[in-house]
Amino acid sequence: MRRITAAAIAALLATSCLSEHQSFAVDIDSRCWTAPATLVVPNADTVTLRDVRLTLRHDLAFDGEPIGVTVRTVRPDSMQYEEHFVLHPSDDRRSAAAIHDTTQPYRLRVRFDREGDYRITLTPDRPAEGVLAVGVDIVKSKE
């Protein structure tokens, strides 16, 4: 009985230390985004459901048009999934800010069921000038 209790407490402590919000981003050559951008997302929590959002940071050189990206996710066990997704920048061109950020829901209630590094690669469908960085935000799902 003590072994079970000790194991349960250890598991609770291990998962309680994990942040409810994680952000990962990679800088892009702002002259023109054409190359794949790979993000490494370490995972130790195989239980919690999370929401994944894609982020796009751009300057005024970006044309503001929606941009299609191929999202390729490779799990720690080498299994992979690839799909097309369209980012819709929220910049309405009325803001005086030189840098704009867009965050858009990508997948809701995701469970990263393997421990280790997930590799998420974002590849644009067209050349995109003015993109400074791309990334993912991962937050605990609201239940």
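This one's a predicted model, so the numbers in the text were calculated from it and none came from an experiment. (Residues numbered from 1 in each chain as written. Predicted model: local features only at pLDDT ≥ 70, side-chain atom pairs only at ≥ 80, totals over all residues. Heavy atoms only, no water.)

### A word on the nonpolar core
The biggest cluster of nonpolar side chains holds 26 residues, and the ones touching the most others in it are W33, L54 and V136. Elements that contribute at least two residues to this core include exactly strand 2 (37-43), strand 3 (49-59), strand 4 (67-74), strand 5 (80-87), strand 6 (99-111), strand 7 (116-124) and strand 8 (131-140). Top element by residues in this core is strand 8. It accounts for four residues. Setting aside residues up to four positions removed in sequence, W33 forms contacts with I28, L56, I67, V69, L122, P124, R126, P127, A128, V131 and V134. (Core = buried A, V, L, I, M, F, W, Y, C linked by side-chain atoms within 4.5 Å. Buried < 20%, exposed > 50% of the residue type's maximum accessible area, 1.4 Å probe, protein only. Helix = DSSP H or I, 4+ residues; strand = E, 2+ residues; numbered from the N terminus. Contact = heavy atoms within 4.5 Å.)

### As for the environment of R72
Here R72 lies in strand 4. Between the C-alpha atoms of R72 and E83, which are 11 residues apart in sequence, the distance is 6.6 Å. Each residue touching R72, except ones within four places of it in the same chain, is listed here: Q80, Y81, E82, R119, I120 and T121. At a separation of 2.2 Å, a polar atom in the side chain of R72 contacts the side chain of Q80. (Polar contact = N/O pair within 3.5 Å; in protein donor to acceptor, adjacent residues only side chain to side chain.)

### Structural notes on the pattern of salt bridges
All chains considered together, the criterion is met by eight salt bridges. D77 is the salt-bridge partner of R75, the closest N and O atoms lying 2.4 Å from each other. In this structure, R107 engages E83 in a salt bridge whose closest nitrogen and oxygen atoms are separated by 2.5 Å. You can see R107 sitting in strand 6 and its partner E83 sitting in strand 5, a full 24 residues away along the chain. (Salt bridge = Lys/Arg side-chain N within 4 Å of Asp/Glu carboxyl O.)

### Brief notes about the packing of aromatic side chains
For the structure on display, the rule yields two aromatic pairs. A centroid spacing of 5.2 Å and a plane angle of 90 degrees characterise the contact between F85 and Y106, whose relative ring orientation is edge-to-face. Placement of the pair is F85 in strand 5 and Y106 in strand 6, with a sequence separation of 21 residues. Given the relative accessible area of 15%, F85 is considered buried. (Phe/Tyr/Trp six-rings, centres within 6.5 Å; stacked < 30°, edge-to-face > 60°.)

### A short note on the confidence of the model for the protein
For the protein, the mean per-residue pLDDT works out to 86, and 83% of the residues sit at or above 70. Within the model, the stretch residues 1-17 combines pLDDT values under 50 with zero contacts to residues more than four positions away or in other chains. (pLDDT = per-residue confidence, 0-100.)

### Thoughts on the sheet that holds strand 8
Pairing within the open sheet is antiparallel, and its four strands lie in the order 1-8-3-6. If you trace the sheet from one side to the other, it starts and ends with strand 1 (21-27) and strand 6, each paired once. Recorded for the sheet is a direction-independent mean angle of 15 degrees between the axes of neighbouring strands. (Pairing = 2+ DSSP bridges. Axes fitted to C-alpha atoms, helices over the stretch in contact; angles between N-to-C directions.)

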